[in-house]
Amino acid sequence: MPVRQFGALQLEVDNEGYLVNPKDWTPEVAEAFAKEEGIELTDRHWEVINFVRKYYEERGQSPTIRQITVGAGIPTKELFKLFPGGPAKKVARIAGVPKPAGCI
Amino acid sequence: MAKTLLVLGGGTAGTMAANRLAQELDMDQWRIIVVDHSKIHYYQPGFLFIPFGIYKERDVVKPRRTYFAPGVEFILSEIDVIEPDKKRVRIKADGGRYISYDFLIIATGTSPRPDQTPGLQDERLWYKDAFDFYTLQGAVRLARRLRTWEGGRLVLNIVDMPIKCPVAPLEFIFLADWYLRENGLRDKTELVFVTPLPGAFTKPRAAAILGHMLEERGIHLVTDYYIERVDPERKVIVSYDEREEPFDLLVSIPLNMGSDAIARSGIGNELNYVPTDPRTLRAKDFEDVFVLGDATDVPTSKAGSVAHFMVDSFVPNFLRYIDGLELLPTFDGHANCYIESGFGKGILIDFNYDVEPLPGKFPLPGLGPFSLLQESVINHWGKMLFRTLYWHVLMKGRRLPMPAQMMMAGKWS
């Protein structure tokens, strides 16, 4: 597994750049990943990130777009503006949880 | 006093579970009651073939009542409310009476909800230039539309995941490619596959192989597309991030949701699926309630093959449970799907919670081996033969000669 440097921290990431161990996550990790995605984190972003982390801790699964919009009460349109492209997978990476399975 | 096993839903999962348990339980000591709102049992995997004239309506429709084993009682009714705390269910028939149970199986499935996408059911479009094919009516109307198709832009759009039979949209586009070539219309038709997923499929090795098959056939792939609405005036679909895809013919796989009775009972998630233990299939919040088939929230495909493996794991576990033994974590998320790829060929994928679809060979005594993740003629015949197995083996409570758990034998890992 590749290793990434976050300040003094050295953390394992998978081939797609997701944290291998969600427990390793710190707010600095979120800032670093967001920067790579070209996102500047606002309070609204943090609301979503905190919701996603809580969801993962409680259920052991990363939430889908619908689970985020229903669960956090964020309109879908706004979620796409906050995390352009693929909100569920982008916020998952920033929040340090696994890429959503989107089960088949 | 006799114990009551109440089964909600008489589709693929509910019928198999009721019929298998009718053989295993002492029917002097047990009542098995199945409730379903429809008299008809649809062979849902067959809907895919109707738009291309391969199957007709009569190939996919049977009376539900004839598929229950002797001793299984069938009640034709909508389900109103499930009350697990009181161990009873209110049905809508007979002025809304209650049925009390000792054990409950929820097998109420999932269904397409085109009303959840604004503009999709606009009268200028719906069943004129926009169709679903996961309902008999949609498939039949789409067959009629395709017979008069003269070319243009055919867009297939998946609204959101999860959907039942998640490989069917790919099969549809492969069959459309074949059908249009046979009819000399492929040159005049642009085929576009628009999906909310990041690729043709989620699991990496299958996504790569299936994505390549789309490319080979000249089918455009649009990914990470989350539809907001359909504009019936301009005949375009619009995503939440303002991307537009114009169409002459829209084949929509609408949002899938579990039964409204689940929502009314307050026991489901945001899509009306019941939180279920992925290994034992017992409802997470209720002791004597099991959930089988598409009604669960477990992270595997919503498909008939999964329902079959679920029932195979559930039946021996249920027999332990009623004897006071603990449930074993036997269900592994096993799914086994034939993917029609057109020109009389097909692909087979076999996977579970932990192992993604891999290439190789799939051994099946008397029938196989089938090729995994590679096109072959025998895979196509496996799929066509399956309709007979469905009605005469699975729905009758008989077993297929294969284990419920996924096997690694034959797979190239």
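Definitions and limits used
- Residues numbered from 1 in each chain as written.
- Chains lettered and ligands numbered in written order.
- Predicted model: local features only at pLDDT ≥ 70, side-chain atom pairs only at ≥ 80, totals over all residues.
- Heavy atoms only, no water.
- Contact = heavy atoms within 4.5 Å.
- Buried area = accessible area lost by both parts, 1.4 Å probe.
- Salt bridge = Lys/Arg side-chain N within 4 Å of Asp/Glu carboxyl O.
- Polar contact = N/O pair within 3.5 Å; in protein donor to acceptor, adjacent residues only side chain to side chain.
- Nonpolar A, V, L, I, M, F, W, Y, C, P; charged D, E, K, R; others polar.
- Buried < 20%, exposed > 50% of the residue type's maximum accessible area, 1.4 Å probe, protein only.
- Helix = DSSP H or I, 4+ residues; strand = E, 2+ residues; numbered from the N terminus.
- Arc of directions from axis to C-beta.
- Core = buried A, V, L, I, M, F, W, Y, C linked by side-chain atoms within 4.5 Å.

Asker: Could you give an account of the interface of chain B and chain A, with specific residues and numbers?
Answerer: Taken together, the contact pairs 22 residues of chain B with 14 residues of chain A. Across the interface of chain B and chain A, roughly 1,700 Å² is buried in total on both sides, 61% from carbon and sulfur atoms. Contact with chain A buries surface across chain B, with Y226(B), Y240(B) and E270(B) losing the most and accounting together for 33% of the total. The interface formed by chain B and chain A holds 4 salt bridges in total. Note that D224(B) is salt-bridged to K89(A), the shortest N-O span being 3.1 Å. There are 5 residue pairs in polar contact (both at pLDDT 80 or more) connecting chain B and chain A. Its residues assigned to classes, the side of chain B that touches chain A comprises 12 nonpolar, 3 polar and 7 charged.

Asker: Could you give an account of helix α1 (residues 27-36) of chain A, naming the residues involved and the relevant values?
Answerer: In an α-helix, one turn spans 3.6 residues, which is why side chains three or four residues apart end up on the same side. Residue and element names in this part refer to chain A. Every buried residue belonging to α1 is among V29, A30, F33 and A34, and all of these are buried. Down the axis of α1, the buried set is contained in an arc of 130 degrees. They therefore lie on one face. Facing away from the buried side of α1 by over 90 degrees, the exposed positions are E28 and K35. Buried residues along α1 sit in contact with β1 (3-6), β2 (9-12), α2 (43-59) and α5 (87-94). G38 occupies a position one or two residues after α1 and carries a positive phi of about 75 degrees.

Asker: Can you lay out the nonpolar core for me, pointing to particular residues and giving the numbers?
Answerer: Grouped together as the largest cluster of nonpolar side chains are 128 residues, with contacts concentrated most on F133(B) and L210(B). At 10 residues, the largest contribution of residues to this core is made by helix α3 (residues 168-182) of chain B. Setting aside residues no more than four positions away along its own chain, F133(B) makes contact with F47(B), L48(B), P51(B), G138(B), A139(B), L142(B), A168(B), P169(B), F172(B), V251(B), S252(B) and I253(B). Counting 33 residues, the second largest nonpolar core, distinct from the first, contains V13(A), A30(A), F80(A) and V91(A).

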